[in-house]
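# Fold and contact review
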8 protein chains.
Amino acid sequence: MDKYDEMHFAKLDTDREKRTGFPEVVFCEGKRDEYLVQIYKRLLENDGRVFGTRANLHQYETVKTAIPGVQYNEVSKILKCAADDSASKNTSEGIGLITVCTGGTADIPVAEEAAETAEYFGGRVKRIYDVGVSGIHRVLSKAEEIREANCVIVVAGMEGALASVIGGLVENPVIAVPTSVGYGASMGGLSALLTMINSCANGITVVNIDNGYGAGYVATQINRLACGSKN
Amino acid sequence: MDKYDEMHFAKLDTDREKRTGFPEVVFCEGKRDEYLVQIYKRLLENDGRVFGTRANLHQYETVKTAIPGVQYNEVSKILKCAADDSASKNTSEGIGLITVCTGGTADIPVAEEAAETAEYFGGRVKRIYDVGVSGIHRVLSKAEEIREANCVIVVAGMEGALASVIGGLVENPVIAVPTSVGYGASMGGLSALLTMINSCANGITVVNIDNGYGAGYVATQINRLACGSKN
Amino acid sequence: MDKYDEMHFAKLDTDREKRTGFPEVVFCEGKRDEYLVQIYKRLLENDGRVFGTRANLHQYETVKTAIPGVQYNEVSKILKCAADDSASKNTSEGIGLITVCTGGTADIPVAEEAAETAEYFGGRVKRIYDVGVSGIHRVLSKAEEIREANCVIVVAGMEGALASVIGGLVENPVIAVPTSVGYGASMGGLSALLTMINSCANGITVVNIDNGYGAGYVATQINRLACGSKN
Amino acid sequence: MDKYDEMHFAKLDTDREKRTGFPEVVFCEGKRDEYLVQIYKRLLENDGRVFGTRANLHQYETVKTAIPGVQYNEVSKILKCAADDSASKNTSEGIGLITVCTGGTADIPVAEEAAETAEYFGGRVKRIYDVGVSGIHRVLSKAEEIREANCVIVVAGMEGALASVIGGLVENPVIAVPTSVGYGASMGGLSALLTMINSCANGITVVNIDNGYGAGYVATQINRLACGSKN
Amino acid sequence: MDKYDEMHFAKLDTDREKRTGFPEVVFCEGKRDEYLVQIYKRLLENDGRVFGTRANLHQYETVKTAIPGVQYNEVSKILKCAADDSASKNTSEGIGLITVCTGGTADIPVAEEAAETAEYFGGRVKRIYDVGVSGIHRVLSKAEEIREANCVIVVAGMEGALASVIGGLVENPVIAVPTSVGYGASMGGLSALLTMINSCANGITVVNIDNGYGAGYVATQINRLACGSKN
Amino acid sequence: MDKYDEMHFAKLDTDREKRTGFPEVVFCEGKRDEYLVQIYKRLLENDGRVFGTRANLHQYETVKTAIPGVQYNEVSKILKCAADDSASKNTSEGIGLITVCTGGTADIPVAEEAAETAEYFGGRVKRIYDVGVSGIHRVLSKAEEIREANCVIVVAGMEGALASVIGGLVENPVIAVPTSVGYGASMGGLSALLTMINSCANGITVVNIDNGYGAGYVATQINRLACGSKN
Amino acid sequence: MDKYDEMHFAKLDTDREKRTGFPEVVFCEGKRDEYLVQIYKRLLENDGRVFGTRANLHQYETVKTAIPGVQYNEVSKILKCAADDSASKNTSEGIGLITVCTGGTADIPVAEEAAETAEYFGGRVKRIYDVGVSGIHRVLSKAEEIREANCVIVVAGMEGALASVIGGLVENPVIAVPTSVGYGASMGGLSALLTMINSCANGITVVNIDNGYGAGYVATQINRLACGSKN
Amino acid sequence: MDKYDEMHFAKLDTDREKRTGFPEVVFCEGKRDEYLVQIYKRLLENDGRVFGTRANLHQYETVKTAIPGVQYNEVSKILKCAADDSASKNTSEGIGLITVCTGGTADIPVAEEAAETAEYFGGRVKRIYDVGVSGIHRVLSKAEEIREANCVIVVAGMEGALASVIGGLVENPVIAVPTSVGYGASMGGLSALLTMINSCANGITVVNIDNGYGAGYVATQINRLACGSKN
C-alpha cells in the first residue's frame, strides 16, 4: 500500500512509473555487491525487467551468479535483464527519432549509454559519431539527417563546441552531454560543461559530465511528446 | 540572396527562422547605442517585429527615440516592438502549456524573461511563484497543476533544490534555470547551477545562470512538438 | 601533571574529556602503522576504551595483532576496542533521539560513521535511509518520525537537496553532511557542500564532506543538552 | 485553509511557526520595493510582528512610509516592527545563554545580525568581540565565560581560525560564521568558510558566509532544547 | 648607455625595439595621471611616436593637455600620438594579411584593439565581424577570405567555439582571444579561455581574456615572418 | 592589569609589543568611522604613535578632525601620527638593508606600503621599481645592489615571475607579494600568488595579495635578526 | 567522393591535408584497442604513414601485432609508422629553425612530443633543456641561439616563468606549453598555464597543459611561413 | 668556464653555491631512473655530497646500485650521500635554532623534510609535534621554547590554523607549510594554504603545499643571518 518498497538500505520507488512514466533504474557505481544483487532481484520480481547503468565487469559477474540471464555491454556499461527475453529485443523498432552525435571516438561510451537508454525506453535512435568541429564538413554533411530527429543528443569532451554548431542548425531541442574526455585544462569535463552552458546558440540544455543516461531519459520524454505517446 | 544581412558590425541571420523555426532575437546587454538602434530598425523592416532581452532603461529610451512604439517591461527587461500592434496582443491565447515555477520572490525577473519569451513564441504559460523547498507543502499543493504542463521551467537561486523535487513529480521535461540570487558561497549562481547539474532526479536539463530566455526557447520547442506544431 | 600525554610523534589530549565532555578519538587515515598501534595501546591504558574512524582493513589487522579484541566495521570503517567488553554493548540503550537520514544507498557508509559515533557517545539513534528528493513521498512518509528527534543528521551526495527539504519540516537542528557520492560536476562532494551551505531553509549547519564523525559528535552535544545530560 | 497565504509574487508560509517553532522572516536584500512593503504589511496583520534581515537604508525608508513604527539598525541591517511595541522590548530578558564571539572589529555587523536574531527569538545573548587568534590571550581570558553558553556563535573573516580554537575549549556546540572580511586570497569569505569546514576541532558546524541570521536561528534551536523550551 | 631610461617610477626599455623589433607600448589602465603623462612625453621624445592601450576618456583628456595632438579611439581604447602626423596615416597600406574575426558584435572593442595594433606595427588587416557558430553559414561564406590570411585572430566570448571551427578550416596559425562578453557561468571570460585552450582543432594558441593587443602583436610577428620582413 | 585594552567593539592588544617586538597596527579598511577615531585616539594615548594601513581619503579626513597632526600618503594609503613629531622623521636613518623591487609601475602602491612599513619599524629601505622580467636586463643591472639586502621584497602582479628570477640571484630571503594588478585570467592576483607559491627558485615565501604591510613586517623581523637588533 | 572516410566509430578527415597542409594525426590516449588498430591500418593505407601521440606501451604492443614496423618512443610517447621506411629518416634535415626549451628535466617528455612533431612535419629543431629561471645565467648564455629560431617553444611546469623571460629576449613568436610537472598548488599544471596566459612579455601564446603536439604543430605553421614553404 | 655543467638533459647549476650560499639539491620525484643516477654521480663528483628530496623506495634502490653508501629516510623521503661519511654526521651540532612544529601526527613527514633540510644546511633544529589548535594548551605549554627560535616552521594540514596562533606568540619569522593532510573540502591542501595566506597574525609567510624543503631552506637563510653566518 506504501508507494515504495522498503528494503532498509534502500526504498525502491514503486510508484515512479505511474508518476513519471519511467520505472526505477539502478545506478550501479559504488553500490556494495550484496545491495546490488538484492536490488536487481527485487526489481526483477516487481517490474519484470531491470536496467542499470555504470556497472563494471565485477558487478556484472556478481549479478550473473544470481540472475544468469543478465546482459552486459562493455562499452556502455549497461547491465540489464528481463523476466522474459524482451530485454534483448526492444532495441530496433522504437518510435519517433532521437539522434546521438559525438565529437570524437573517445566519446562513444557515453553516447552508447544515452542511445541504449533511449532505445530501452522505446525510442528509435540514430548514431552519428566522430563529427567534431575541427573538420566541420563532417557534421554539415549530416545536417539534414540530424534535422529529422525530434531531439538531438550531442556528446563531446575537450572544448565541447559541437553542441553550439548543431544548435544553430536544427529546429528541435539539443541535449548537450559534456564528457570527461580530454586532459590538462579540460578538468575532467568541467571545461566542456562550461562551454555548453555558455552556448551562444539557442535550444541547448545541458546535463552532468558523462551523464549519457540522463540525456537519453530527457530525449525520451521529448520524443514521446512529439509522438503523442505518453509511455 | 546571402542568408544573412551584412551590417559590418553585425550579420543578421535572416535564414534563422527558416532553419530553426525562430527569428533572430537581440541580446541587448553590452551593445553600443548606435548598434542597438540600427539592429532594431533593420530587424523591424525585415521581420515586422523585434524581441530583445536584457535591455536596461537607458537602452529603452534610446531605441524609443527611433521606434516610438517600442514596449519595455522593467521586471523582465524585455524590449519589443512590432510593425503592426501584434506585439502587445499575442500573450494570452497560446498553444499547449508551459509552467514556470520559482523558488522565491527574487527569482521572478528571470522567470518573467522565460515566461514572456515562451508567450512571444506562441505558447500558453502558467506562473507558479515562491514555492521553494523550505516549505515543501507549497509546491506539493500545486503538483497536479504542474504535471499538466508539456514542459516545466524551474527558476531558483541559492541552493536551487526545487528542480530536483519537481523533477521527481512530473512526467515531462524540466528545464532548470539557476539564478544569481543569493550571497556568500552562492558565487553568483554557480552553486545553484552545480546543484541542478548534479540532480539525482531524472528529466532535468540546465541552462546558464539567469538565462530565462534560453529556458523559454527550449520550452517552446518542446511545447510545439507536443502540440504537433512546428511553428 | 601535564594535560597531555607526550609521545613525541603525538601529544594525547588527556584533558579533553574533562574540558569538552568527549575523550580523544583517533583519525586512523594516513597514520603510520607503528604510530597507530602505540596510540591505540596508550589510549586503551588511559581511558579503558578507544574509538577510531576511517580505518582500513590493513589497519584493523595491524592493530589486532597488538589488541586482539579490537572490533572493526567494514561499512562505517570504525575500529574500536574496550578494556572490558563494553564496546560491543552500548549501542542500543542510548538517551534522547538522533535521526540519521540518507539521500541514497551509496551514502550509507558515511551515515553509519555518524550513527555509530552518536551511539558510542551514548545517544539513541534511528536510521532512515534512501529517502532522496527525487521521490519526495518517501521522506514525507517519515516526516513525523523525523520530527521526534532532538537533532537530525542528513547525509547526501550528488546535489544534496535533502537537507533543505528536511530543514523545512522540523523544529530541531539539522546537521547536513555532504558526501563524495556522485560524478562529473559533483567534484568529490563540493557541489553537495555548496548546496547545503546555501540552503534557503533555516536550522541547517554543515560539516565537511564525508565527515560522519563530526556530525555524530555535534548531534551528541545537542542531544545531551536536550536531555539535560552533560555526559 | 491553505497552509500559506497566496500573494502571487509570494506565498507566505503561515504554517511555518506551527511546523518549525519559528515565524516567517523576510530576507530583504534584492526584493523590489512594492513587494517588500506588501509583505511587511501582510505579515504584520498575520503575525502581529515582522522581522527582516539585510535591509538597506532605502528599504527602511520605503517601509517606514507604510509602517511608521518600523525600527532599523544600521549595523545589523535588521528591520523589524510589531503591532504592539514588543519589538523594542524583548531584547534583554531571554532564556538560557548564547555567546557571540568575533575575530575582529569588522566582523561586528554579522555578529549583531546573529545576536539580534537570537534575542528576537527569545534567547539571552552575551557578546565577546575582537578576540582573534593573533592575540590568543584575549580569547583565553574569556574561556570560562564562553564555556557557560549553551551554544557559541563564532564570527570571523580572513583565515577564520578562531572557530577551531574555541571548539577545542568548550563542551557545547559551536556555530561558525565565516565573513567576507578580508582581501586578496580571502575570496569574499570562501577562505574562511573552507577553514571552518576543515576544522580539526570537534563540535563545529558551519553556515554560509555572512549568514548571521542562520547562526542565530540554529543557536536558538539549541538553546531552547537546553532550556527544555520548545518555543 | 644603459639599455633603459631610468624614470624611478618606471624604467623605459629603450633597448626593446632593437632586441624584439617592437618599441615599448604603454598599458594605460591603472597608471596614475602624473606617471602616464611623463611616460607619454618621454617616449614621444625618444621614439617619435607613442602607442597606448586600455586608456579611458579621463586619461585621454589628461594626456591631451600635455600633448594636444594625441588621438583617442573610444571603441578600441587606444591612445596614440606621433611627433609628425604619421600616427593617423599608417593604417591602410600595410604588408601581408592578418584577418580579425569576432563571434558577436559585443566582441568588437577587443577585436579593434587587435586590428589597430597590427596596423600600427605595419600589417594589412581585414575585419570579419559577427560570424559566431550559432549561424555557421556566416563563417563558412567567408572561409576563402579567411584562408588567405597569414594569421587569423579569432575574438569570441560566451563559449568561444568559433576558434575551433576556424582552426579546422585554415592552413595558417589562429590566435584565439577569449573575451569577457557573457554572463553567469562565463565567469568573466574564463569559460571562453578554457574552451579555446582545450580546442580539438590544431593550430590554435591562446592569449589572455580581452588581450587584443597581445594577439595583434603575435599576428604581426607571424605576418612579418611570412613577408620576409623582420621590421 | 589585563594584557589588552577593552573597548568592547575592540580589544587593543597592549601586550603585543612586549610579546612580538611590534606595536599594534590599525587595518583601516572597512572600519566604521566612529570606531576608527576611537582606536586612533586610544592607541595614540597608549603608545605615543599610531600606524594604520589601507586608509582611504575619507578616513584620513575623519581622523584628522580628531587628530589634526595625522599624516596621510595617497600612494601607500598609510595614515600615521605621533604624539611628538617623530612620525615624519624616522624614514631615512634605519638599520640594515631591505630592498623593495616591483615588476611594474602599477605595483608601486603596494611596494610603498611595504617600504614605509619597514621604515616605520626602523629599517633602511632601498626601492628598485619597474624591473619586470620582460626586459630582464633591467633587473640584472641591479643584481649587485639587490644582493646587498638582508631581505628582498618582490612586488609583482600579472604573472608574478620576478620573484623566481630574483630568488635565483640572491643569498638572503625573498618575500614575494603578489598584486591585484592585471586583468582577465589574473583573477585579482590569484594567478600571481600561484606563480609565487609554485616557484622553482629557493628562498621564496609568499604573503597575501597586495599585502605590502605583511611583507614589510617580516622583512623587518629578518633585518633585525641580521643586525643583531631585537627591537 | 566524401571528404572523409566513414568508419562508423570514426570519420577520418581525408580532406585535412588539402585544407590545412597537415594530415590527420591520432590521439591514442583512451582509444579502445580494436579502434586504434583499425585507425592505424586505414591511415597507413590512405596516407602511407601514420603519426600518433600519447600512446602507452600496451598500445604500442597492440598496434605492433598488426603493423610490425611501427616505432615507439618511450619518452615522447609517439607511435609512428610508414609504408616505406621514411618514418625513421625525416628527423634531421628539416627546414628553417624551431627551438624547444624546457625549464627543467621533468619537462622533457612534453618537449620531446613537441620536437618530434615539428620534425615529423619537416622542420629543423634545436633542443635547449633545463634552463629554468632560478639559474637565469643558463638561459641567458643561450640567448643568441634562441634568437635565431623562427619560433621558440617554451615548455615549463611549476610556476612556468621561463616563457616570460624568453619572450622578452626574442623577435619571433614564443609558444608556451605549461606542464603538469609540480605538486601542491601547481594543480596539475593550471598554475603554470595561468602564469603564461598572464605574461607581461609580448609575443607569447599558450596551448593546453602538456600539449607538446599542439605546440609543435603551430611552430611548424610559423616556420613554414618564415621559409616561404606552405607544405 | 661556463657556470653550469652541461648534461644535455640537465644543466647543473655549479655556480649556485657561490651565488646563493647553497649547493644544488635534487628534486627526485618524476625523474627518470637513468637521469637520476647520472645526476647523483655528477653532483657527488663535483660537490662531494648530494642531497635529494621526494625520493621513493624504488629510486633509493636504483641509486644505491650506483652509489652504495647512499642513505634513505622513509619518513622524510630524503636520499643523501657524501664522498666522505659526513652525510650521516652533521645532524646534531648545528648553529642557531630553528623550531619545527606540526598540527598533527600525519604532518610529520613534511616536517621531517624541513627539519632534515635545515640540519643538512648546518642549523640546529628542535621538533615540537602534534600541537594543533583543538587542544590549545599543548602549544601554549611550549610557547617559551618556541619563542627561542630564530625562525619557526609551522607544518599543518586540514584548516592550518596553527600558524596564526604561533604567529601571535613569537618575535621572529614564522614559515607556514600547508600540508595535503585532510579530506573533502581540504582540496589536497589548498584550504590550509588559503588559511595561512589570509592569516590575521603578522610575521607569517607561506610556501607551497607539502614543501618542507622550501621551508627548511628559508629558515636556514634566516638562521644564518641571525648567527652572523653567511654559510
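From a predicted model like this one, the values you see are computed outputs, not experimental measurements.

## Section: the arrangement of the chains
The closest approach of any C-alpha atom in chain A to one in chain F is 13 Å; the two make no contact. Between chain A and chain H there is no contact, and the shortest C-alpha to C-alpha distance separating them is 14 Å.

## Description of the pattern of salt bridges
One pass over the structure, following the stated rule, counts 120 salt bridges over all chains. Between D:Arg127 and D:Glu112 there is a salt bridge, and its shortest N-O distance comes to 2.7 Å. Here the residue D:Arg127 occupies a position in strand 8 (residues 123-128), and D:Glu112 occupies one in helix 4 (residues 108-120), the gap between them amounting to 15 residues. Because the salt bridges share partners, they merge into one network encompassing F:Asp13, F:Asp15, F:Arg16, F:Lys18, F:Arg19 and F:Glu24.

## Points about the relation of the copies chain A and chain B
For the pair chain A and chain B, the best superposition has an RMSD of 0.0 Å and corresponds to a rotation of 180° with a translation of 0.0 Å parallel to the axis. When the rotation and shift are considered jointly, the pair of chain copies conforms to a two-fold rotation axis. Taken as a fraction of all interface residues of chain A, those also at the interface in chain B reach 100%, which identifies the copy contact as same-surface.

## Here we look at the interface of chain A and chain B
Between chain A and chain B, the contact holds 33 residues from the first and 33 residues from the second. The interface formed by chain A and chain B holds 10 residue pairs in polar contact (both at pLDDT 80 or more) in total. Those elements giving two or more residues to the side of chain A that touches chain B turn out to be helix 1 (16-20), helix 8 (190-197), strand 11 (204-206) and helix 9 (212-227) of chain A. Examining the composition of the side of chain A that touches chain B, we find that seven residues originate from one element, helix 9 of chain A, more than from any other. A breakdown of the residues in the side of chain A that touches chain B according to their chemical character gives 15 nonpolar, 12 polar and six charged.

## Overview of the relation of the copies chain F and chain H
Of the transformation placing chain F onto chain H, the axial shift is 0.0 Å and the rotation is 180°, giving an RMSD of 0.0 Å. Interface residue correspondence from chain F to chain H reaches 100%, placing this contact among same-surface, isologous pairings.

## Topic: the packing of aromatic side chains
A full pass over the atoms with the stated rule returns 80 aromatic pairs over all chains. Summarising the aromatic geometry, the rings of B:Phe22 and B:Phe121 are spaced 4.8 Å apart at their centres and angled 85° between planes, so their arrangement reads as edge-to-face. Of this pair, B:Phe22 sits in the loop between helix 1 (16-20) and strand 3 (26-27) while B:Phe121 sits in the loop between helix 4 (108-120) and strand 8 (123-128), and the two are 99 residues apart along the sequence. Pair check on accessibility: B:Phe22 and B:Phe121 agree, each one buried. Here C:Phe51 and C:Tyr120 contribute two aromatic rings whose centre-to-centre distance is 4.2 Å and whose plane-to-plane angle is 25°, an arrangement assigned as stacked. Of this pair, C:Phe51 sits in strand 4 (residues 49-53) while C:Tyr120 is found in helix 4 (residues 108-120), placing the two residues 69 residues apart along the sequence. According to the relative accessible area criterion, C:Phe51 is buried, its value standing at 1%. Cluster of aromatic residues (ring-pair linked, three or more members): A:Phe22, A:Phe51, A:Tyr120, A:Phe121, A:Tyr213 and A:Tyr217.

## Quick look at the sheet that holds strand 4 (residues 49-53) of chain A
All names here are of chain A. If you trace the four strands from one edge of the open sheet to the other, you get 3-4-6-5, paired in mixed fashion. Edge positions in the sheet fall to strand 3 (26-27) and strand 5 (71-73), since each of these pairs with one other strand and no more. Here strand 3 pairs with strand 4 via two bridges, running parallel. Bridging from a neighbouring strand, Val 26 pairs with Gly 52 of strand 4.

## Let's talk about unusual backbone geometry
Located in the positive-phi region is E:Met158, a residue other than glycine, with phi close to 45°. Among the structural elements, E:Met158 can be located in the loop between strand 9 (151-156) and helix 7 (162-167).

## Details of the confidence of the model for chain A
Looking at chain A, the pLDDT average stands at 93 and 95% of residues meet or exceed 70. For this predicted complex, the interface score ipTM comes out at 0.94, alongside a pTM of 0.95.

## Description of the interface of chain F and chain H
Counting from both sides, the interface comprises 33 residues of chain F and, opposite them, 33 residues of chain H. Approximately 2,900 Å² of surface area, both sides summed, lies buried where chain F meets chain H, with 52% of it carried by carbon and sulfur atoms. Contact with chain H buries area across many residues of chain F, yet F:Glu171, F:Ile197 and F:Leu225 alone supply 22% of it, more than any other trio. Where chain F touches chain H, the interface holds zero salt bridges. Our enumeration of links across chain F and chain H arrives at 10 residue pairs in polar contact (both at pLDDT 80 or more).

## Re helix 9 (residues 212-227) of chain C
Residue and element names in this part refer to chain C. The end-to-end C-alpha separation of helix 9 is 22 Å, in line with the 22 Å expected for 16 residues at 1.5 Å each. Counting buried positions over the 16 residues of helix 9 gives 14, a clear majority of the element. Directly after helix 9, the chain includes Gly 228, whose backbone phi takes a positive value near 70°.

## Observations concerning the sheet that holds strand 3 (residues 26-27) of chain D
Residue and element names in this part refer to chain D. What the four strands build is an open sheet, ordered 3-4-6-5; its pairing is mixed. Both outer strands of the open sheet, strand 3 and strand 5 (71-73), are each paired with one neighbouring strand and no more. Looking at chain direction, strand 4 (residues 49-53) and strand 6 (residues 78-82) are connected through four bridges and run antiparallel. Within strand 6, the position partnered with Gly 52 by the bridge is Leu 79.

## Let's talk about the environment of A:Ala82
Residue and element names in this part refer to chain A. Along the chain, Ala 82 falls in strand 6 (residues 78-82). With a relative accessible area of 18%, Ala 82 lands in the buried category. For Ala 82 and Gln 71, which are 11 residues apart along the polypeptide, the C-alpha to C-alpha distance reads 9.2 Å.

## Details of the packing of helix 2 (residues 33-47) of chain B against helix 3 (residues 57-66) of chain B
Residues and elements named next belong to chain B. With their axes 10 Å apart at the nearest point, helix 2 and helix 3 run at an angle of 50° to one another. Taken together, the axes of helix 2 and helix 3 are oblique relative to one another. Helix 2 and helix 3 meet at a crossing whose hand is right-handed. On the side of helix 2, the interface is formed by Asp 33, Leu 36, Val 37, Tyr 40 and Lys 41, while helix 3 contributes His 58, Gln 59, Thr 62, Val 63 and Ala 66. Looking at the contact of helix 2 with helix 3 residue by residue, the classes come out as five nonpolar, three polar and two charged.

## A look at the pairing of strand 7 (residues 95-102) of chain G
Moving residue by residue along a regular strand, the side chains alternate between the two faces of the sheet. All names here are of chain G. For strand 7, the buried fraction is high: six of the eight residues fall into the buried class. Where strand 7 meets strand 8 (residues 123-128), five bridges bridge the pair, whose relative direction is parallel. Counted as the bridge partner of Ile 95 is Gly 123 from strand 8. You can see the chain leave strand 7, run along helix 4 (residues 108-120) and come back into strand 8, and the turn it takes is right-handed. Note: strand 7 against strand 9 (residues 151-156), five bridges, orientation parallel. The partner of Thr 102 across the bridge, within strand 9, is Val 155.

The rules we used
- Residues numbered from 1 in each chain as written.
- Chains lettered and ligands numbered in written order.
- Predicted model: local features only at pLDDT ≥ 70, side-chain atom pairs only at ≥ 80, totals over all residues.
- Heavy atoms only, no water.
- Contact = heavy atoms within 4.5 Å.
- Salt bridge = Lys/Arg side-chain N within 4 Å of Asp/Glu carboxyl O.
- Helix = DSSP H or I, 4+ residues; strand = E, 2+ residues; numbered from the N terminus.
- Least-squares fit on C-alpha atoms with pLDDT ≥ 70 in both.
- Polar contact = N/O pair within 3.5 Å; in protein donor to acceptor, adjacent residues only side chain to side chain.
- Nonpolar A, V, L, I, M, F, W, Y, C, P; charged D, E, K, R; others polar.
- Phe/Tyr/Trp six-rings, centres within 6.5 Å; stacked < 30°, edge-to-face > 60°.
- Buried < 20%, exposed > 50% of the residue type's maximum accessible area, 1.4 Å probe, protein only.
- Pairing = 2+ DSSP bridges.
- pLDDT = per-residue confidence, 0-100.
- Buried area = accessible area lost by both parts, 1.4 Å probe.
- Expected span 1.5 Å × (residues − 1).
- Axes fitted to C-alpha atoms, helices over the stretch in contact; angles between N-to-C directions.
- Parallel < 35°, antiparallel > 145°, perpendicular 65-115°, else oblique.
- Left-handed = near helix turned anticlockwise from the far one by under 90°.
- Right-handed = clockwise from strand over helix to strand, strands pointing away.

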